[in-house]
Amino acid sequence: NSDVIFIASGGQGQFETISEAEAIKRALMSAGVDSDRIILENRSTSTEENIEYSYAILDDMGVKDAKIGVLTNGFHIYRARLIARQQGHYTYGVPAVTLFPIGIHYTVRAFFGLLFLFLTKGL
């Protein structure tokens, strides 16, 4: 859909040469997405900030009543959508492919992330 815009969201870690946002942008461009449809949000350091800062960009752009998809690994969609809902946003989940066996590690990690979210936020 040529009307879709992407917010590539994620900051740069201490030992990383580029931000997560820049890595996402490069992957989207290699998949054929024009760079003018990709907005970088490179300050966030957590899923909570990914969503908060991305929605701030949408607000600044005047985007209202749009269908918002959270494109992330399948093991992370549930948690990301819970966080978005906690922030007052309804989102759609768009699962990305997770390579085996890496997915096993991250699925276990996502479980503990969800447990932490439920214990600390009461979701």
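Residues numbered from 1 in each chain as written. Predicted model: local features only at pLDDT ≥ 70, side-chain atom pairs only at ≥ 80, totals over all residues. Heavy atoms only, no water.

Chemist: What exactly am I supposed to notice about the side chain of Ser9 here?
Modeler: Within the secondary structure layout, Ser9 lies in strand β1 (residues 6-9). Judged by its relative accessible area of 10%, Ser9 falls in the buried class. Polar contacts involving the side chain of Ser9 include one to the side chain of Glu41, which spans 2.4 Å. Side-chain polar atoms of Ser9 contact the side chain of Ser44, separated by 3.4 Å. Sequence-distant contacts of Ser9, that is, excluding residues within four places in its chain, are made with Glu20, Ala21, Ile24, Glu41, Ser44, Asn50 and Ser54. (Helix = DSSP H or I, 4+ residues; strand = E, 2+ residues; numbered from the N terminus. Buried < 20%, exposed > 50% of the residue type's maximum accessible area, 1.4 Å probe, protein only. Polar contact = N/O pair within 3.5 Å; in protein donor to acceptor, adjacent residues only side chain to side chain. Contact = heavy atoms within 4.5 Å.)

Chemist: Teacher, can you tell me more about helix α3 (residues 74-86) here?
Modeler: Within an α-helix, residues lying three or four positions from one another point in the same direction, as the helix has 3.6 residues per turn. All of the buried residues along α3 are His76, Ile77, Arg79, Ala80, Leu82, Ile83 and Ala84. One or two steps after α3, the chain reaches Gly88, where phi turns positive at roughly 95 degrees.

Chemist: Could you clarify how one ought to interpret the pairing of strand β3 (residues 69-73) in this entry?
Modeler: Consecutive residues of a regular strand have side chains that alternate between opposite faces of the sheet. Bridge count for β3 against strand β4 (residues 92-96) is 5 bridges, and the pairing is parallel. Across the sheet, the residue bridging to Leu71 is Val94, located in β4. (Pairing = 2+ DSSP bridges.)

Chemist: What is the right way to look at helix α2 (residues 47-61) in this model?
Modeler: Over its 15 residues, α2 extends 21 Å from the first C-alpha to the last, a length consistent with the 21 Å expected when each residue adds 1.5 Å. Of the positions making up α2, those classed as buried are Thr47, Asn50, Ile51, Tyr53, Ser54, Tyr55, Ile57 and Leu58. Taken from the residues just after α2, Gly62 is the one with a positive phi, measuring 80 degrees. (Expected span 1.5 Å × (residues − 1).)

Chemist: Whenever I open this one, the packing of α2 against α3 confuses me. Can you help?
Modeler: Between two packed helices, the angle of one axis relative to the other and the distance separating the axes together describe the packing. Put simply, α2 and α3 touch, their axes get as near as 9 Å, and they point 55 degrees apart. One way to sum up the angle between α2 and α3 is to call them oblique. As for the relative orientation of α2 and α3, their crossing is right-handed in sense. Counted together, Thr47, Glu48 and Ile51 of α2 and His76, Arg79, Ala80, Ile83 and Ala84 of α3 form the full contact between these two elements. (Axes fitted to C-alpha atoms, helices over the stretch in contact; angles between N-to-C directions. Parallel < 35°, antiparallel > 145°, perpendicular 65-115°, else oblique. Left-handed = near helix turned anticlockwise from the far one by under 90°.)

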